[in-house]
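Residue strings, one per chain:
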Amino acid sequence: MSNSSSDVIVVGAGVVGAACAYYAARAGLAVTVVDRGPVAGGTTGAGEGNLLVSDKEPGPELELALLSTRLWSDLADELPARIEYEAKGGLVVASDASGLAALRKLAAAQAGAGVTAEEVPADRLRDLEPHLAPGLGGGFRYPQDAQVQPALAAAHLLRASGARVRTGEEVTAVLTGANGRVRGVRTAAGELRAPFVVNAAGTWGGEVARLAGGHLPVLPRRGFVLVTEPLPRVVRHKVYAADYVADVASGSAALQTSAVVEGTPAGPVLIGASRERVGFDRALSAEVLRRLAAQATALFPVLAGVRVLRTYAGFRPYLPDHLPAIGPDPRVPGLLHACGHEGAGIGLAPATGLAVARQMTGGQPPLDLGPFSPGRFAPAD
Amino acid sequence: MARTPADLVRADPDPPFEITFDGRTVTALPGQSVAAALWAAGILAWRTTRHGGRPRGAFCGIGQCYDCLATVNGEPNRRACLVPARPGDAITTQEGHGRAGLAV
C-alpha cells in the first residue's frame with residue numbers, strides 16, 4: 001500500500017477522534033484517521049451536542065469541561081457556522097424549594113472552580129423561558145453552557161484537521177514491534193504504519209484496547225433522544241431538570257430519565273436524556289420514550305401539542321468511575337486512549353484532543369491528566 | 001368533455017358541502033380528501049417552504065411525501081391528501097412550519 005505511513009493513527013472518526021486529529025495536526029504531526037463506519041457514525045452521531053459545565057461537580061471532569069468550553073469557543077470562530085455552535089447558556093430548573101437549595105449548593109461549589117452561575121428566582125424563570133410550566137421552584141442559569149450539532153461539528157473539525165480519513169475500514173489488529181511498541185494497525189485494506197495509535201473508538205474503545213493487548217473497561221449506557229417537528233425558537237436555553245445532575249453521576253444500571261430540552265437552529269426541539277445499562281441492545285423502548293415525553297411536557301406544556309417526528313438512540317461510553325481515559329496505555333508504548341467520556345464526549349472532545357496531542361509531542365499537558373490516566377484500570381498482576 | 005374520476009366510476013355522491021380555504025368558500029364532496037377538494041377548485045398550493053417561502057401542494061397524494069401539509073382548523077402539519085374534508089373545515093395556507101405563534 002502506498003502512502004500508508006504517518007505520525008499518528010487515530011482509530012475513530014467521531015468528535016473525539018476528530019479533535020485528536022485536529023490538535024495533533026496543528027502540532028505538526030501527519031495524521032491518519034480510520035473508522036470502520038462513517039464519520040460520526042457511532043457514539044458521536046447518537047449524541048445531543050451538549051457542551052455543559054453546569055452538570056458537573058467540582059473535580060477533574062469539570063476542569064476538562066471548562067478547558068473544552070474555551071476551546072469550543074475558539075473552534076467556533078474557525079469552523080463553519082454549519083456546526084451550529086450556540087453559546088446559548090444552560091438553565092437548570094428545580095421543581096421545588098429543596099431542589100433549588102441543592103442547586104444553590106452545587107453552584108456555590110462550582111463557582112470556586114470558575115463556573116459562572118446565576119440564581120433565577122421562581123417568578124423570573126419565565127422571563128428567560130416563556131413556555132416553562134408555572135409553579136417551578138426556580139433555577140440557575142449557566143452562561144458557559146453551549147451546544148453544537150455533533151455530527152457536523154465532528155465532520156468539520158475532521159476536515160479542518162487536514163488528516164487523511166479512511167472510513168469504512170475496520171481496524172483488525174494493532175501492530176507492535178519486538179520491543180512491544182506500537183508500529184501501526186492492520187485493517188481489511190492492509191497495514192497502516194505510525195509510531196502512535198490513538199484509541200478514540202468511543203463506546204467500542206474497550207475492544208480497540210483489547211486488540212492492542214491493553215485493558216479498558218468501557219461499557220455502553222443506552223440513551224434515547226426525541227426529535228420534534230421543526231418549530232420556531234420555543235426553547236432558548238439548554239433547559240434541564242435538576243435530577244439530571246444526579247443521573248449523570250449515578251452508577252445505577254436501572255433506567256433513569258430526566259428532561260433535557262433544547263431547540264436547534266434547524267428547527268426541531270431535542271428531548272433527552274435517558275440512561276440505562278442494557279448492553280448493546282438497540283431495541284426501541286416505548287417506556288423510555290413515554291417517560292422522556294412526559295417529563296419534557298411537564299417542563300414545557302407547549303410541547304404536548306407538538307409532534308415527535310423520530311427518535312434516535314445510542315450508547316454513551318462509560319468507565320466505572322465516570323471519568324474518561326485520556327493518555328498512554330500503561331502496557332503498550334505508543335498506544336494512547338481517548339475514550340470513555342460517557343454522555344459528555346462532544347463537550348469534552350477539544351480538551352481531550354489537545355491533551356493527547358501534547359502527550360505525543362512531549363508538550364506541557366493543558367491540565368492535570370492524572371485522574372484520567374488509563375493506568376487506573378490496569379489489572380493488578 | 002372532461003371526465004372526472006367520479007364520472008368514470010358513475011359515482012352518486014351525497015350532496016356537496018362547503019369548506020373554506022384562506023376564507024374563500026370551496027365546495028367538497030363527501031369522501032373527498034382536503035387535497036382533492038382544493039384541486040377540484042383549482043387550488044394547487046397551500047403551504048410555503050420554511051426556507052425560501054416556495055409554494056407547495058399535493059405531490060405524491062398517498063401520504064408518503066409530506067409535501068401537502070396544510071393547517072386544518074388551526075392545526076398545522078396535516079397531510080391534506082389523507083385528511084377527509086368535513087363540512088365547515090377551515091383550511092389555511094401553512095407558512096413554513098406553521099408554528100410561528102409559538103416563537104419566543
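Everything that follows concerns the structure shown earlier in this document.
Along every chain, residues carry numbers that run from 1 in the direction the sequence is written. Following the order in which they are written, the chains are lettered starting with A and the ligands numbered starting with 1. The predicted origin of the model limits local features to residues at a pLDDT of at least 70 and limits the giving and counting of side-chain atom pairs to 80 or more, whereas totals for whole chains, interfaces and linings rest on all residues. Excluded from the side-chain calculations are hydrogens and water; all other atoms, namely the structure's heavy atoms, are used.

(A) Spatial organisation of the overall build of chain A. Counting from the N terminus, the helices are DSSP H or I runs at least four residues long and the strands are E runs at least two residues long. For chain A, the count of helices and strands is nine helices and 19 strands. It is over C-alpha atoms that the radius of gyration is taken, and the globule rule equals 2.2 Å times the number of residues to the power 0.38. Computed over its C-alpha atoms, the radius of gyration of chain A comes to 20 Å, within 12% of the 21 Å expected for a compact globule of 381 residues. Counting only C-alpha atoms and orienting by the principal axes, one finds that chain A spans roughly 65 × 40 × 40 Å. Throughout, exposure labels follow a simple rule: accessible area from a 1.4 Å probe, protein chains only, divided by the maximum for the residue type, with under 20% read as buried, over 50% as exposed, and the rest as partly exposed. Here chain A holds 381 residues, and the buried ones make up 58% of them. In this analysis, two residues are considered to be in contact whenever any of their non-hydrogen atoms come within 4.5 Å of each other. Partitioning the intrachain contacts of chain A with sequence separation of at least 6 by distance along the chain shows that 75% fall at a separation of at least 24. With 35 positive and 35 negative side-chain charges, chain A shows a spacing of 4 Å between the two charge centroids. Residues counted as positive are Lys and Arg, residues counted as negative are Asp and Glu, and His and the chain ends are not counted. The atom standing in for a charge is NZ when the residue is Lys, CZ when it is Arg, CG when it is Asp and CD when it is Glu.

(B) Summary view of the sheet that holds strand E13 (residues 219-228) of chain A. Residue and element names in this part refer to chain A. Between any two strands, at least two bridges found by DSSP are needed for them to pair. Strand order in the open sheet made by the eight strands is E5-E6-E4-E14-E15-E16-E13-E17, with mixed pairing throughout. Looking at which strands have only one partner, the edges of the open sheet turn out to be strand E5 (118-120) and strand E17 (308-318). Each strand of the sheet is rotated relative to its neighbour by a mean of 25 degrees, with strand direction disregarded. For strand E14 (residues 238-241) and strand E15 (residues 256-263), the ladder comprises two bridges, and the chain directions are antiparallel. The angle between two axes is taken between their N-to-C directions and runs from 0 to 180 degrees, where each axis is a line fitted to C-alpha atoms and a helix contributes only its stretch in contact.

(C) Structural view of the pattern of salt bridges. Should a side-chain nitrogen of Lys or Arg be within 4 Å of a carboxyl oxygen of Asp or Glu, the pair is scored as a salt bridge. Going through the model one piece at a time under the given rule, you end up with 20 salt bridges over all chains. Glutamate 342 of chain A is paired through a salt bridge with arginine 275 of chain A; the nearest N and O atoms lie 3.0 Å apart. In this pair, glutamate 342 of chain A is assigned in the loop between strand E19 (335-339) and helix H9 (345-361) and arginine 275 of chain A in strand E16 (residues 269-275), connecting sequence segments 67 residues apart. Residue glutamate 342 of chain A is classed as buried on the basis of its relative accessible area, which comes to 8%. Here arginine 78 of chain B and glutamate 75 of chain B are joined by a salt bridge, their closest N and O atoms 3.7 Å apart. Glutamate 75 of chain B sits in the partly exposed class, given a relative accessible area of 35%. One salt-bridge network, held together by shared partners, links Glu86, Lys88 and Arg233 of chain A.

(D) Molecular detail of the nonpolar core. Residues and elements named next belong to chain A. Grouped together as the largest cluster of nonpolar side chains are 71 residues, with contacts concentrated most on Val8, Val31, Trp72, Val198 and Met360. Two domains each put at least three residues into this core: domain 1 (8-46 + 151-218 + 321-377) and domain 2 (90-143 + 219-318). If sequence neighbours within four positions are ignored, tryptophan 72 has contacts with Val15, Leu51, Ile83, Tyr85, Val148, Ala153, Ile346, Gly347 and Pro350. In plain words, nonpolar cores are sets of buried Ala, Val, Leu, Ile, Met, Phe, Trp, Tyr and Cys residues tied together by side-chain atoms within 4.5 Å. Of all hydrophobic cores here, the second largest spans 26 residues; its members include Leu136, Leu231, Ala296 and Val302. What counts as a domain boundary in this text is fixed by an automatic or database domain assignment.

(E) Focus on the packing of helix H1 (residues 15-26) of chain A against H9 of chain A. Residue and element names in this part refer to chain A. As a packed pair, H1 and H9 sit with axes 7 Å apart at the nearest point and diverge in direction by 40 degrees. Seen from above, H1 lies across H9 with right-handed handedness. When H1 is examined against H9, the residues Val15, Val16, Ala19, Cys20, Tyr23 and Ala24 are found in contact with a partner set consisting of Gly345, Ile346, Ala349, Pro350, Thr352, Gly353, Leu354, Val356, Ala357 and Met360. Note: crossing handedness is left-handed where the near helix turns anticlockwise from the far helix by less than a right angle, and right-handed where it turns clockwise.

(F) Summary view of the interface of chain B and chain A. Counting residues at the interface gives 11 residues for chain B and 15 residues for chain A. When two components associate, each loses some accessible surface as probed by a 1.4 Å sphere; the sum of these losses over both components is called the buried area. Of the roughly 1,000 Å² buried between chain B and chain A, counting both surfaces, carbon and sulfur atoms make up 53%. Of all residues in chain B, the largest losses of buried area upon contact with chain A belong to Arg99, Leu102 and Val104 of chain B, amounting jointly to 60% of the total for that side. Linking chain B to chain A there are two salt bridges. Residues adjacent in sequence count toward polar contacts only when both atoms are side-chain atoms; beyond that, a polar contact is any pair of N or O atoms within 3.5 Å, and within protein one must be able to donate a hydrogen and the other to accept it. Counting every contact that joins chain B to chain A gives seven residue pairs in polar contact (both at pLDDT 80 or more).

(G) Representation of the layout of surface pockets within the structure. Residue and element names in this part refer to chain A. Put plainly, a pocket is an open set of points on a 1 Å grid over the protein atoms alone with protein on both sides within 12 Å along at least five of seven lines, a cavity is a set where a 1.4 Å probe fits but cannot get out, and a lining residue has an atom within 4 Å of a point. Grid points are joined across faces, edges and corners, and a volume is the space filled by probe spheres set on the points. Each pocket or cavity is described by its volume, and for the largest pocket that value is around 740 Å³. What lines the largest pocket is a set of 49 residues, among which Gly42, Thr43, Ala201, Gly202 and Trp204 lie closest to the centre. Secondary structure elements with two or more residues in the lining of the largest pocket: H1, strand E2 (31-35), helix H6 (205-211), E13, E16, E17, E19 and H9. Residues are grouped as follows: Ala, Val, Leu, Ile, Met, Phe, Trp, Tyr, Cys and Pro are nonpolar; Asp, Glu, Lys and Arg are charged; all remaining types, including Gly, are polar. The residue inventory of the lining of the largest pocket, partitioned by class, reads 23 nonpolar, 17 polar and nine charged.

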